[in-house]
Amino acid sequence: MSGETHRFKNAVILVTGGASGIGAAAVRRFAGHGGKVVIADVDVPRGEALASETGSLFVRADVREQADNEAAVAAAVAAHGRLDIVHLNAGTISGTTIGASFAPERYRRLMGVNLDSVVFGVQAAYEPLKAAGGGSIVVTASATGMRPSYEVFYAASKHAVVGLVRSLGPVLEADGISINALCPGLVDTPLIAERMGELVRAGLPISTSAEVVDALETVLADPRTGQAWLVMADRELAPFAFADLPVPHEKNLAFENGGVRAVHRVD
């Protein structure tokens with residue numbers, strides 16, 4: 001509607017892995033809505049070019065490092081006075097598997113980019129989001145976080161991310177912070193560029209980055225937290241329905257600052 005102020009206008013938004021793929025599409029979308037975007041990435045040329053294009057701030061950051069995540073958050077707060085939204089989007093594949101070709105350095109890099117970056121990103125953003133009265137974190141996970149994959153370590157990392165987000169949901173909610181996971185299937189990004197021809201010939205559904213960012217906007221507008229939102233070209237956007245696994249008497253425990261205590265005596 002003409003003259004309508006978009007909900008992201010003037011929002012301070014940090015996007016990690018923001019120099020290409022889904023991250024770059026998110027940067028362009030948020031900046032187009034009038035958001036104050038901070039791009040964090042190791043790709044300096046692409047990151048600086050995108051920042052110039054969109055009027056955003058670029059921060060060189062290796063998301064595998066806690067200090068770099070803290071520096072990116074600090075840069076956002078220093079430039080704009082607060083932090084409202086964090087899109088933890090960095091990701092990679094390993095190109096290695098169990099067996100004779102196993103490459104431990106590739107495995108370690110993958111877990112650093114895909115999992116450690118989420119832990120460090122949430123940790124770095126927690127206090128600024130809390131200080132602002134709450135905010136939103138959305139993590140780019142994957143549909144392989146809910147199913148097996150021949151990319152075994154990628155699947156393992158995304159299963160871990162989905163479990164982390166689901167567990168952090170109620171933990172962060174008390175401070176007014178929501179956290180959700182976007183779980184795309186195949187997306188037309190540089191991550192699968194080398195295999196795109198074969199994937200298309202095989203007939204697999206492939207989303208565009210723009211479609212994933214559409215989902216990102218929907219998730220940010222949704223009040224739910226701790227959800228894993230399935231984003232696939234052949235179905236409607238929705239939280240994945242996990243099977244419940246009740247544990248007897250679990251409500252008798254309270255978790256505080258990494259510890260646990262009994263709420264009342266269990267007979």
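To keep things clear, this report deals only with the structure shown in the data block. In every chain, residue numbers begin from 1 and rise along the written sequence. It should be noted that, the model being predicted, local features are given only for residues of pLDDT at least 70 and side-chain atom pairs only at 80 or more, the latter also being counted only at that level, while totals for whole chains, interfaces and linings use all residues. Hydrogens and water are ignored here; the side-chain numbers use all heavy atoms of the structure.

## Observations concerning the pairing of strand S4 (residues 85–88)
Step number 1: Of the two faces of S4, both are covered, the one formed by Ile85 and His87 as well as the one formed by Val86 and Leu88.
Step number 2: In this sheet, S4 lies alongside strand S1 (residues 12–16) in parallel orientation, the contact comprising four bridges. Its bridge partner being in S4, isoleucine 13 is matched across the sheet by isoleucine 85.
Step number 3: Note on pairing: two strands pair once DSSP finds at least 2 bridges between them. Under the DSSP-based scheme used, a helix requires at least four consecutive residues in state H or I and a strand at least two consecutive residues in state E, with every element numbered from the N terminus. Note that S4 and strand S5 (residues 135–140) share four bridges and pair parallel. Of the residues in S5, the one forming a bridge with valine 86 is isoleucine 137.
Step number 4: We call a crossover right-handed when, viewed with the strands running away from us, the connection from the first strand over the helix to the second turns clockwise. You can see the chain leave S4, run along helix H4 (residues 104–131) and come back into S5, and the turn it takes is right-handed. Note on classification: 1.4 Å probe, protein chains only; a residue is buried when its accessible area is under 20% of the maximum for its type, exposed when over 50%, partly exposed between these limits.

## Points about the packing of aromatic side chains
Step number 1: Pairing of aromatic side chains requires ring centres within 6.5 Å, counting the rings of Phe and Tyr and the six-membered ring of Trp. Pairs whose planes differ by under 30 degrees are stacked, by over 60 edge-to-face, and all others tilted. Per the counting criterion, the structure on display carries five aromatic pairs.
Step number 2: Look at phenylalanine 102 and tyrosine 107: their rings are 6.3 Å apart centre to centre, the planes differ by 50°, and that puts the pair in the tilted class.
Step number 3: Between phenylalanine 240 and phenylalanine 242, the ring centres sit 4.8 Å apart and the planes meet at 75°, which makes this aromatic pair edge-to-face.
Step number 4: A relative accessible area of 29% places phenylalanine 242 in the partly exposed class.
Step number 5: By way of ring pairs, the aromatic residues Phe102, Tyr107 and Phe153 are connected into one cluster.

## Details of the pattern of salt bridges
Step number 1: Only one rule defines a salt bridge in this text: a Lys or Arg side-chain nitrogen within 4 Å of an Asp or Glu carboxyl oxygen. Considering all chains together, one arrives at nine salt bridges under this definition.
Step number 2: Here aspartate 68 ties to arginine 60 by a salt bridge, and the two come within 3.8 Å at their closest N and O atoms.
Step number 3: By relative accessible area, arginine 60 is classed as partly exposed at 47%.
Step number 4: For arginine 224, the salt bridge is made with aspartate 222, and the minimal N-O distance between the two is 2.9 Å.
Step number 5: Since its relative accessible area comes to 40%, arginine 224 is described here as partly exposed.
Step number 6: Several salt bridges converge on common partners, so that one network encompasses Arg29, Asp214 and Glu217.

## Brief notes about the nonpolar core
Step number 1: We call a set of buried Ala, Val, Leu, Ile, Met, Phe, Trp, Tyr and Cys residues a nonpolar core when their side-chain atoms join them within 4.5 Å. Core analysis: the biggest nonpolar cluster contains 38 residues, and Leu83 and Ile137 have the highest contact counts within it.
Step number 2: Among the elements that line this core, the one with the most residues is H4, at eight residues.
Step number 3: Sequence-distant contacts of isoleucine 137, defined by excluding residues within four places in its chain, comprise Val86, Leu88, Val122, Leu129, Leu172, Ile177, Ser178, Ile179 and Asn180.
Step number 4: Of all hydrophobic cores here, the second largest spans 27 residues; its members include Ala11, Val15, Phe58 and Val231. Note on contacts: a residue pair qualifies if any of its non-hydrogen atoms lie within 4.5 Å across the two residues.

## Topic: the sheet that holds strand S9 (residues 228–231)
Step number 1: As summarised here, the arrangement of the eight strands in space is S3-S2-S1-S4-S5-S6-S9-S10, forming an open sheet in which the pairing is mixed. Taken across any chain shown, the strands that pair with only one partner, and hence form the sheet edges, are strand S3 (57–60) and strand S10 (238–239).
Step number 2: Bridge count between strand S6 (residues 177–184) and S9: four bridges; the pairing is parallel. Bridge assignment links alanine 181 to a residue of S9, and that residue is alanine 228.
Step number 3: Axes here refer to lines fitted to C-alpha atoms; in helices the fit is confined to the stretch in contact. Angles between the N-to-C directions go from 0 to 180 degrees. On top of the sheet, helix H7 (residues 209–221) reaches S4, S5, S6 and S9; it is set at about 155° to S6, its chief contact.

## Observations regarding the packing of helix H1 (residues 21–32) against helix H2 (residues 44–54)
Helix-helix packing: each pair is described by the crossing angle between the helix axes and the interaxial distance.
Step number 1: Packing of H1 against H2 brings their axes to within 10 Å, and their N-to-C directions diverge by 20°. On the basis of their axis angle, the class for H1 and H2 is roughly parallel. Seen along the crossing, H1 lies across H2 with a hand that is right-handed. Packed against H1, whose contacting residues are Ala24, Val27, Arg28 and Ala31, the element H2 presents Leu50, Glu53 and Thr54 at the interface. Each angle is binned into one of four classes, with values under 35 degrees roughly parallel, values over 145 roughly antiparallel, values of 65 to 115 roughly perpendicular, and all other values oblique. What makes a crossing left-handed is the near helix being turned counterclockwise from the far one by less than a right angle; a clockwise turn instead makes it right-handed.

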